[in-house]
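Listed below, chain by chain, are the residues.
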Amino acid sequence: MKLILLGPPGAGKGTQAKRLEESRGLKQLSTGDMLRAGAEAGTALGREADRIMKAGKLVPDGIMIDMIAERIDKPDCQRGFILDGFPRTVPQAEALDAMLAKRGQKLDAVIEMLVNDAVLVDRIAGRFSCAKCGAVYHDNTKQPKVAGVCDVCGSKDFKRRPDDNAETVRARLQAYHQQTAPIIPYYKIKGLLRQVDGMADVDAVTRQIEAVLEDL
Ligand code: ADP
Ligand code: AMP
């Protein structure tokens with residue numbers, strides 16, 4: 001199964017993608033995580049991406065398309081994948097269609113997570129994650145069950161993203177509405193778009209997504 005989780009920053013894409021990895025054996029492909037790994041490794045591309053991410057802008061399409069084209073051929077994607085953070089522009093969506101068609105593959109669904117902008121700012125400001133396994137937490141709504149210990153892997157090391165601050169969030173939301181939202185009608189016309197209420201609690205969102213997948 002090949003899915004896109006679509007929604008603004010903070011909508012809950014990463015949270016739900018990790019659950020789908022567990023429940024369905026699909027691989028989460030987060031382009032944001034890939035770029036952050038490049039930035040940490042200090043590659044030339046990583047340093048350039050780091051500058052763009054901290055400004056809340058989008059990394060050029062060509063770079064992102066090459067990154068995904070190379071990734072979907074890896075063995076861990078053979079059972080299917082969940083794209084989280086890609087595509088983010090119409091040219092990226094078109095390139096994805098072309099790369100899947102070339103491989104005799106196609107998307108099963110694009111699941112849009114609907115969340116109000118006002119809520120997103122709070123979600124992003126409170127986000128932190130496990131530095132080892134990437135499990136996502138929140139200061140107010142999702143603390144680890146044992147304080148300071150990751151529920152999933154037991155690590156005591158947590159991190160926050162440098163772009164999760166009020167100023168950058170505004171730029172990221174603007175980029176979403178101006179550059180990413182046009183892919184919603186693109187997928188609607190193709191009959192692939194499904195919508196879920198991303199304002200519901202995490203378990204309720206999971207149930208909605210599972211219902212969509214059962215219906216395919
Ligand atoms: P995205 O990957 O779309 O940027 P995340 O999955 O990282 O979003 O979630 C952003 C923040 O919101 C995290 O701190 C997460 O714990 C929290 N969160 C995710 N889904 C929900 C939800 N349904 N209700 C409340 N908080 C949520
Ligand atoms: P995310 O982790 O999805 O919130 O992405 C973090 C940042 O990485 C974004 O604000 C962009 O700067 C960059 N990024 C991630 N995915 C893409 C993409 N598909 N196209 C362009 N930029 C991206």
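The rules we used
Residues numbered from 1 in each chain as written. Chains lettered and ligands numbered in written order. Predicted model: local features only at pLDDT ≥ 70, side-chain atom pairs only at ≥ 80, totals over all residues. Heavy atoms only, no water. Core = buried A, V, L, I, M, F, W, Y, C linked by side-chain atoms within 4.5 Å. Buried < 20%, exposed > 50% of the residue type's maximum accessible area, 1.4 Å probe, protein only. Helix = DSSP H or I, 4+ residues; strand = E, 2+ residues; numbered from the N terminus. Contact = heavy atoms within 4.5 Å. Salt bridge = Lys/Arg side-chain N within 4 Å of Asp/Glu carboxyl O.

Trainee: Just checking my understanding: could you explain the nonpolar core for this structure?
Mentor: General note: in soluble globular proteins, nonpolar side chains tend to be found buried as a group. Formed by 32 residues in total, the largest nonpolar core has its most connected members in Ile4, Leu83, Leu96, Leu107, Val110 and Tyr187. Mapped onto this core, the elements with two or more residues apiece are strand 1 (2–6), helix 3 (44–54), helix 4 (61–71), strand 3 (81–84), helix 5 (90–102) and helix 8 (183–189). When residues of this core are assigned to their parent elements, the largest contribution, 5 residues, is made by helix 5. Beyond its immediate stretch of four places on either side in the chain, Leu96 contacts Ile4, Leu83, Phe86, Pro87, Leu107 and Tyr187. In this structure, Ala11, Leu26, Ile111 and Val169 belong to the second largest nonpolar core, which totals 20 residues.

Trainee: Please clarify how the environment of Leu29 should be interpreted in this entry.
Mentor: The topology assignment puts Leu29 in strand 2 (residues 27–30). Ignoring anything within four residues of it in the chain, the contact list for Leu29 reads Met34, Arg71, Ile72, Cys77, Phe81, Ile82, Leu83 and Asp84.

Trainee: Where do I start with the pattern of salt bridges in this structure?
Mentor: When charged atoms on two side chains of opposite charge get close, those side chains can pair. Enumeration over the complete set of coordinates arrives at 19 salt bridges. With its nearest N and O atoms 2.9 Å apart, the salt bridge here joins Asp50 to Lys54. Pair noted here: Asp50 and Lys54 are both in helix 3, with a separation of 4 residues, about one helical turn. Asp50 gets classed as partly exposed once you look at its relative accessible area, which sits at 22%. We note a salt bridge from Arg71 to Asp76, for which the minimum N-O separation is 2.7 Å.

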